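The lines below spell out each chain.
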Amino acid sequence: MAAEAALEELTVLLGPSAGAAVRAGAAEAALALSGDPEGRRLLAARPEALRALLGLAEVSGPEVGPGPGAALRCLQNVSAEAEAREPLLAALPAVLRLLPAGPACGLLANLSRERGAAQRVLNGLERENRAGVEALLRALEGPRPPPPELAALLCNLSGLPEGRRALLERSRCAVRRLLPLVGDAESAVLRRGAVGTLRNCCFEHEHHEWLLSDAVDLLPSLLLPLAGPEEIPEEEMERECVSEHGGAMGLGVMGLGGHGAGDPGDPMVIPGDPMVTPGDPMVTPSVSMVTRRSHSDFSPSLWGAQSSD
């Protein structure tokens, strides 16, 4: 009961009737609370608190202080909870207006870990922004490095056939925009998201010839990070070279239960962790952003997808 009363008071302090300083302090308190699993569950169970946080996250201007940023990071953390998914998806237009901020991308990446939710995010993106996926791709070419969460979101959207088709539309040059991120030395999250997106796109077999052509040059960009920094003598390269007459092995696509196996449009749900970021030095993140998968998972991937059991 004490926790419920405290949350009710916190929700009031997050609302527009409170001053900017009070709202900022309440947002920081909510962010610290969201660094703990129990705190996230408490916030996820109160849609009115989520609405208040989202309303604050949308506020802009130098006079508002740090409140909007803290509110958005809190929402990213809370979006890891299944109970928060529906209230946040219901407010999807407001969330999409916050793109391409990193926490907004992380929020949407958490929401899109399941196929149905990913479809709603993609549909909303195309409905609210005429550029659709292009609006996300533009952030890859900005003057500053793209937020790592953006690559995770693209990875989840590429788990859908419609998402892959949008990314493989040749006029968008999406693959060429993603390739530099494969060797990014600054962020492992960015690299994993970019590689996951490219991996999923490779399930569209009709695009293989184009992906391997000089227009994209996909293969060297994927092989160079694996080669390592050392130089290999030409004689050794000739000895290690695989005969071009050798047989090729294909990997089948595994579908979700209830769907036909071999359909690349059915990404397998794999166990993993949602994105949760610490709000301040006092908060310890309870989960990582790294996706774990077994060697038998040869289907389009979802970033941080939850187990289907």
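Since we're looking at a predicted model, the values are computed, not measured. (Residues numbered from 1 in each chain as written. Predicted model: local features only at pLDDT ≥ 70, side-chain atom pairs only at ≥ 80, totals over all residues. Heavy atoms only, no water.)

Points about the overall build of the chain
Here is step 1 of the chain: Of the regular secondary structure elements, the chain holds 17 helices and 0 strands.
Here is step 2 of the chain: In the chain, which comprises 309 residues, the proportion classed as buried is 47%.
Here is step 3 of the chain: The contacts in the chain between residues at least 6 apart in sequence include a share of 68% that link residues at least 24 apart.
Here is step 4 of the chain: Carbon and sulfur atoms provide 57% of the accessible area of the chain, an area that totals close to 15600 Å². (Helix = DSSP H or I, 4+ residues; strand = E, 2+ residues; numbered from the N terminus. Buried < 20%, exposed > 50% of the residue type's maximum accessible area, 1.4 Å probe, protein only. Contact = heavy atoms within 4.5 Å. Areas by Shrake-Rupley, 256 points an atom, 1.4 Å probe, with all protein chains shown as cover.)

Section: a nonpolar patch on the surface
Here is step 1 of the chain: Together, Leu212, Leu219, Leu223 and Leu226 give the surface a local cluster of nonpolar side chains, amounting to about 430 Å² of exposed area.
Here is step 2 of the chain: Here the nonpolar patch takes 3 residues from helix α16 (residues 218–227), the largest share from any one element.
Here is step 3 of the chain: Along the chain, leucine 226 falls in helix α16.
Here is step 4 of the chain: Take leucine 226: its relative accessible area is 69%, and that puts it in the exposed class. (Patch = residues over 30% accessible without salt bridge, like charges linked within 9 Å, V, L, I, M, F, W, Y side chains within 5 Å. Salt bridge = Lys/Arg side-chain N within 4 Å of Asp/Glu carboxyl O.)

Comments concerning the packing of helix α13 (residues 174–182) against helix α14 (residues 188–201)
Here is step 1 of the chain: Taken N-terminus to C-terminus, the directions of α13 and α14 make an angle of 140°; their axes are 8 Å apart at the nearest point. Of the possible angle classes, the one that applies to α13 and α14 is oblique. Relative to α14, the crossing made by α13 is left-handed. For the pair formed by α13 and α14, the contact residues are Val175, Leu178, Leu179, Leu181 and Val182 on the first element and Leu190, Arg191, Ala194, Val195, Thr197 and Leu198 on the second.
Here is step 2 of the chain: Taken together, the residues of the contact of α13 with α14 break down into 9 nonpolar, 1 polar and 1 charged. (Axes fitted to C-alpha atoms, helices over the stretch in contact; angles between N-to-C directions. Parallel < 35°, antiparallel > 145°, perpendicular 65-115°, else oblique. Left-handed = near helix turned anticlockwise from the far one by under 90°. Nonpolar A, V, L, I, M, F, W, Y, C, P; charged D, E, K, R; others polar.)

Regarding helix α3 (residues 37–44)
Here is step 1 of the chain: When α3 is considered as a whole, its buried residues turn out to be Gly39, Arg40, Leu43 and Ala44. Looking straight down α3, one finds its buried side chains confined to an arc of 135°; they lie on one side.
Here is step 2 of the chain: Capping the start of α3, aspartate 36 holds a side-chain oxygen 3.0 Å from the backbone nitrogen of glutamate 38, two or three residues further along. (Arc of directions from axis to C-beta. Polar contact = N/O pair within 3.5 Å; in protein donor to acceptor, adjacent residues only side chain to side chain.)

Regarding the nonpolar core
Here is step 1 of the chain: If you look at the biggest cluster of nonpolar residues, it comprises 71 residues, and the most contacted ones within it are Leu14, Leu99, Leu108, Val133, Leu136, Leu154 and Val175.
Here is step 2 of the chain: Ranked by the residues each element gives to this core, the list is headed by helix α4 (residues 47–57), at 7 residues.
Here is step 3 of the chain: The residues touching leucine 99, leaving out its near neighbours within four places in the chain, are Ala104, Cys105, Leu108, Leu125 and Leu136. (Core = buried A, V, L, I, M, F, W, Y, C linked by side-chain atoms within 4.5 Å.)

Regarding the packing of helix α2 (residues 20–34) against helix α5 (residues 67–78)
Here is step 1 of the chain: Where α2 meets α5, the axes come as close as 8 Å, and the angle between the chain directions of the two elements is 25°. Viewed along their axes, α2 and α5 adopt a mutual orientation that is roughly parallel. With respect to the hand of their crossing, α2 and α5 are arranged in left-handed fashion. Of the residues in α5, those in contact with Ala24, Ala27, Glu28, Ala30, Leu31 and Ser34 of α2 are Gly67, Ala70, Ala71, Arg73, Cys74, Asn77 and Val78.

Here we look at the environment of leucine 72
Here is step 1 of the chain: One can find leucine 72 in helix α5.
Here is step 2 of the chain: Take leucine 72: its relative accessible area is 8%, and that puts it in the buried class.
Here is step 3 of the chain: Taking the C-alpha atoms as reference, leucine 72 lies 9.3 Å from valine 95; in sequence the two are 23 residues apart.
Here is step 4 of the chain: Sequence-distant contacts of leucine 72, defined by excluding residues within four places in its chain, comprise Ala57, Leu98, Ala101, Pro103, Ala104 and Leu107.

Brief notes about the confidence of the model for the chain
Here is step 1 of the chain: Across the chain, the average pLDDT comes to 79, with 73% of residues at or above 70.
Here is step 2 of the chain: Scored below 50 in pLDDT, residues 242–272 shows 59 contacts in the model against residues more than four places distant or in partner chains.
Here is step 3 of the chain: Low pLDDT, under 50, characterises residues 278–298; the predicted model gives this stretch 45 contacts beyond four residues in sequence or across chains. (pLDDT = per-residue confidence, 0-100.)

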